[in-house]
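Read off the chains here:
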Amino acid sequence: MYVLFIVLNEPEYLPEVLFKMKQLGIRGATVIDSMGATAISKEIYNIPVIGGFMKSIDGDTHYNKTVFSVIEREEQVELVMNHIERVIGGDMKKPNKGIMFVLPVTHMRGGELQRHIESRENKKVMAKEFESEYY
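Summarised in this report is the structure supplied together with it.

## Details of the overall build of the protein chain
- A count of helical and extended segments in the protein chain gives 5 helices and 4 strands.
- Along its sequence from the N terminus, the protein chain presents helices and strands in the succession β-α-β-α-α-β-α-β-α.
- Looking at the protein chain as a whole, 23% of its 135 residues qualify as buried.
- Taking the contacts inside the protein chain whose residues are at least 6 apart along the sequence as the reference set, 83% of them involve residues at least 24 apart.
- Taken as a whole, the protein chain presents about 9600 Å² of accessible surface, with 56% of it coming from carbon and sulfur.

## Focus: a nonpolar patch on the surface
- Taken together, the side chains of Ile99, Phe101 and Leu103 define a hydrophobic patch exposed on the protein surface, amounting to about 250 Å² of accessible area.
- Tracing the backbone through its elements, the reader meets Phe101 in strand E4 (residues 98-104).

## Let's talk about the nonpolar core
- Ranked by internal contacts, the top residues of the largest apolar core, which has 17 residues, are Leu4, Ile6, Val17, Met21, Ile84 and Met100.
- When residues of this core are traced back to their parent elements, those giving at least two are strand E1 (2-8), helix H1 (14-23), strand E3 (64-71) and helix H4 (74-87).
- Per-element accounting of this core gives the leading share, 5 residues, to H4.
- Among residues more than four places away in sequence, those in contact with Ile6 are Val17, Met21, Lys65, Thr66, Val67, Ile84, Ile99 and Met100.

## Considerations on the packing of H1 against H4
- The contact between H1 and H4 brings their axes to 10 Å, and the two run at 150°. Relative to H4, the element H1 is oriented roughly antiparallel. Crossing hand, H1 versus H4: right-handed. On H4, the residues touching Glu16, Val17, Lys20 and Met21 of H1 are Val80, His83, Ile84 and Val87.
- Here the residues of the contact of H1 with H4 are counted per class, giving 5 nonpolar, 1 polar and 2 charged.

## So, the sheet that holds strand E2 (residues 30-34)
- On the basis of which strands lie adjacent, the open sheet formed by 4 strands has the order E2-E3-E1-E4 and antiparallel pairing. The open sheet is flanked by E2 and E4, the only strands paired with a single partner. On average, adjacent strands in this sheet sit at an angle of 20° to one another, irrespective of strand direction.
- As paired strands, E2 and E3 are joined by 5 bridges and run antiparallel to one another. Paired with Val31 across the strands is Val67, a residue of E3.

## Concerning the environment of Arg27
- Note that Arg27 resides in the loop between H1 and E2.
- On the basis of relative accessibility, which here comes to 34%, the residue Arg27 falls in the partly exposed class.
- In this structure the C-alpha to C-alpha distance between Arg27 and Glu112, which are 85 residues apart in sequence, comes to 5.9 Å.
- Once residues lying within four places of it in the same chain are set aside, the contact partners of Arg27 are Glu112, Leu113 and His116.

## A few points about H4
- Compared with an ideal rise of 1.5 Å per residue, which puts 14 residues at 20 Å, H4 spans 20 Å between its outermost C-alpha atoms and is within 8% of the ideal.
- Every buried residue belonging to H4 is among Gln76, Val77, Val80, Met81, His83, Ile84 and Val87, and all of these are buried.
- The positive-phi residue at the C-terminal boundary of H4 is Gly89, with phi of around 105°.

About the criteria used
Residues numbered from 1 in each chain as written. Predicted model: local features only at pLDDT ≥ 70, side-chain atom pairs only at ≥ 80, totals over all residues. Heavy atoms only, no water. Helix = DSSP H or I, 4+ residues; strand = E, 2+ residues; numbered from the N terminus. Buried < 20%, exposed > 50% of the residue type's maximum accessible area, 1.4 Å probe, protein only. Contact = heavy atoms within 4.5 Å. Areas by Shrake-Rupley, 256 points an atom, 1.4 Å probe, with all protein chains shown as cover. Patch = residues over 30% accessible without salt bridge, like charges linked within 9 Å, V, L, I, M, F, W, Y side chains within 5 Å. Salt bridge = Lys/Arg side-chain N within 4 Å of Asp/Glu carboxyl O. Core = buried A, V, L, I, M, F, W, Y, C linked by side-chain atoms within 4.5 Å. Axes fitted to C-alpha atoms, helices over the stretch in contact; angles between N-to-C directions. Parallel < 35°, antiparallel > 145°, perpendicular 65-115°, else oblique. Left-handed = near helix turned anticlockwise from the far one by under 90°. Nonpolar A, V, L, I, M, F, W, Y, C, P; charged D, E, K, R; others polar. Pairing = 2+ DSSP bridges. Expected span 1.5 Å × (residues − 1).

In structure tokens, the structure reads:
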């Protein structure tokens, strides 16, 4: 299993990205607001919490959308990444598009994918139980 991270610098693509992931059979994703460190000027670091909050309300701060999803197979990861790159307008190497990266998942508990895997495995067990030389 793998976790795919997609940082969208152009958040207007988010609905289309999520729709494409669902079309490709990806079971669940989490979306969070994020901000690249280069988008934060040094002055913001010195603003008290309330001042920083007020500045973000004013809209001066540019937020990205970060999507992450656990994906079962490597070929699914490649497929999703290729389609997402097309959705957001092509080449991810272009400036200000964002970044996609994948990390291996060694352990997982909960979520739609785990429920799907358990359901599939239970069906296999039941099918084997019904296989018999007596039938």
